[in-house]
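Below, each chain spelled out in residue letters.
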Amino acid sequence: MSTPILGYVNRPGLLHRLAGTSKLIFVAALVVAAMITFDVRLLGFLAAINLVAWALSRIKLADLKLVLGIITGFMLLNIVLIYVFAPEYGVELFGTRHAIWDGPGRWSLTWEQIFYEAAVALKYFAVLPSVLLFITTTRPPEFASSLNSVGVPYRFAYAVSLSMRYIPDVQRDFNTISKAQQARGMDTSSDAPLRERVRNLVSILMPLLLSSLDRIESVASAMELRGFGREKRRTWYARRQLRLPDWLLIGFSALLLAGTIALWFVNHGRFWNPFIS
């Protein structure tokens with residue numbers, strides 16, 4: 001079967017050996033730190049941490065090429081639209097104006113705008129790699145147990161785990177149905193006209209939707225017969241005990257959040273303004 005679009009990658013490395021709880025706390029710390037700051041120095045540091053974590057893992061870019069492609073496209077679209085709808089927003093934020101190019105009307109380019117949009121791009125690099133690494137290095141049962149260990153109700157945690165677990169199954173069903181429809185003469189390749197391709201893809205998605213609904217009904221019935229959800233608490237077979245590397249990672253996460261909050265007071269807000277001498 002082809003590589004899953006998004007899910008656990010069974011290629012054990014350093015991050016695979018860490019407990020899911022410590023990895024989840026680390027990812028949450030990175031996300032919170034990136035959300036509450038626009039200091040490019042901190043965002044650059046967070047992005048560097050993500051790059052180091054990716055290098056330490058054995059996850060390849062090819063394992064997530066589709067997801068990374070979608071994220072890259074969305075990031076570029078976001079940056080372009082910020083400039084289209086607010087080309088002077090950086091000037092408003094930083095209170096200064098250093099023009100690079102004065103275009104017609106409102107279409108001008110300033111260093112303040114470039115600096116702001118660079119901070120927006122850094123936010124993607126500061127958050128998304130760690131989230132993807134957590135998903136790809138944590139098995140779905142441990143994913144659920146780690147969510148439950150940080151306070152998420154186990155019903156919701158198990159629902160997330162099931163969703164991640166069945167992504168490869170849905171992808172496999174899609175490939176199977178697609179090959180069956182192609183054997184019947186329905187071309188979905190780039191050789192077919194766009195309208196025909198879309199029509200043929202719909203003929204694939206409908207059986208896929210029906211098979212997915214059948215699977216959902218079967219899983220729900222099996223869980224109900226086993227009394228899932230009757231108790232307020234449950235135990236987890238996949239939960240790992242925290243070891244020294246896990247505690248070190250949790251401690252680093254706490255220091256990272258404390259440093260982010262301290263930087264907020266140093267900068268007197270979310271932004272670091274390099275344009276004020």
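Remember, it's a predicted structure, so these values are computed and weren't measured experimentally. (Residues numbered from 1 in each chain as written. Predicted model: local features only at pLDDT ≥ 70, side-chain atom pairs only at ≥ 80, totals over all residues. Heavy atoms only, no water.)

Section: the overall build of the protein chain
Okay, so step 1: The secondary structure content of the protein chain amounts to 9 helices and 2 strands.
Okay, so step 2: Element order for the protein chain, N to C, with α for helix and β for strand: α-α-α-α-β-β-α-α-α-α-α.
Okay, so step 3: Along the first, second and third principal axes, the C-alpha set of the protein chain runs to 65 × 55 × 35 Å.
Okay, so step 4: Within the protein chain, the fraction of its 277 residues that count as buried is 39%.
Okay, so step 5: Contacts in the protein chain between residues far apart in sequence, at least 24 positions, make up 75% of those at least 6 positions apart.
Okay, so step 6: As presented, the protein chain carries roughly 16500 Å² of accessible surface, and 67% of it is formed by carbon and sulfur atoms. (Helix = DSSP H or I, 4+ residues; strand = E, 2+ residues; numbered from the N terminus. Buried < 20%, exposed > 50% of the residue type's maximum accessible area, 1.4 Å probe, protein only. Contact = heavy atoms within 4.5 Å. Areas by Shrake-Rupley, 256 points an atom, 1.4 Å probe, with all protein chains shown as cover.)

As for the UniProt feature "transmembrane region" (unreviewed entry) in the protein chain
Okay, so step 1: Here the UniProt feature "transmembrane region" (unreviewed entry) sits at residues 24–54, 66–86, 114–135 and 247–266.
Okay, so step 2: Measuring from the first to the last C-alpha atom of residues 66–86 gives 30 Å, for a span that is 95% helix and 0% strand. (UniProt positions renumbered as here; feature names shortened; annotations may be inferred.)

A short note on helix α5 (residues 111–136)
Okay, so step 1: Under the 1.5 Å per step criterion, the end-to-end length of α5 is 38 Å for 26 residues, consistent within 8% with the ideal 38 Å.
Okay, so step 2: The buried count for α5 comes to 19 of 26 residues, which makes it a mostly enclosed element. (Expected span 1.5 Å × (residues − 1).)

A look at the packing of aromatic side chains
Okay, so step 1: Counted under the stated rule, the structure contains 11 aromatic pairs.
Okay, so step 2: Taking the centre distance of 5.7 Å and the plane angle of 25° together, the rings of F38 and Y116 count as stacked. Of the two residues, F38 is situated in the loop between α1 (20–35) and α2 (40–56) and Y116 in helix α5; the sequence distance between them amounts to 78 residues.
Okay, so step 3: According to the relative accessible area criterion, Y116 is buried, its value standing at 11%.
Okay, so step 4: Residues F94 and F115 carry aromatic rings whose centres are separated by 5.5 Å and whose planes lie at 70° to one another, so their mutual orientation is edge-to-face. Taken together, the residues F94 in helix α4 (residues 89–94) and F115 in helix α5 connect sequence positions 21 residues apart.
Okay, so step 5: With a relative accessible area of 17%, F115 lands in the buried category. (Phe/Tyr/Trp six-rings, centres within 6.5 Å; stacked < 30°, edge-to-face > 60°.)

Some words on the packing of α2 against α5
Okay, so step 1: α5 packs onto α2 with a crossing angle of 30° between their chain directions and a minimal axis gap of 8 Å. Between α2 and α5, the crossing angle belongs to the class labelled roughly parallel. In the crossing of α2 with α5, the sense of the turn from one axis to the other is left-handed. Contacts between α2 and α5 involve V40, L43, G44, L46, A47, N50, A53 and W54 on the former and, on the latter, F115, A119, L122, K123, F125, A126, V127, P129, S130, L132 and L133.
Okay, so step 2: Here the residues of the contact of α2 with α5 sort into 15 nonpolar, 3 polar and 1 charged. (Axes fitted to C-alpha atoms, helices over the stretch in contact; angles between N-to-C directions. Parallel < 35°, antiparallel > 145°, perpendicular 65-115°, else oblique. Left-handed = near helix turned anticlockwise from the far one by under 90°. Nonpolar A, V, L, I, M, F, W, Y, C, P; charged D, E, K, R; others polar.)

Observations concerning the side chain of S57
Okay, so step 1: Among the secondary structure elements, S57 is positioned in the loop between α2 and α3 (65–85).
Okay, so step 2: Within polar-contact distance, the side chain of S57 engages the backbone oxygen of W54 at 2.8 Å. (Polar contact = N/O pair within 3.5 Å; in protein donor to acceptor, adjacent residues only side chain to side chain.)

With respect to the nonpolar core
Okay, so step 1: Counting 49 residues, the largest nonpolar core has L6 and L46 as its most contacted members.
Okay, so step 2: Considering every element that reaches this core, the biggest residue donor is α5, with 12 residues.
Okay, so step 3: If near-sequence neighbours (up to four positions away) are discounted, L46 is found in contact with L30, A33, A34, A126 and L256. (Core = buried A, V, L, I, M, F, W, Y, C linked by side-chain atoms within 4.5 Å.)

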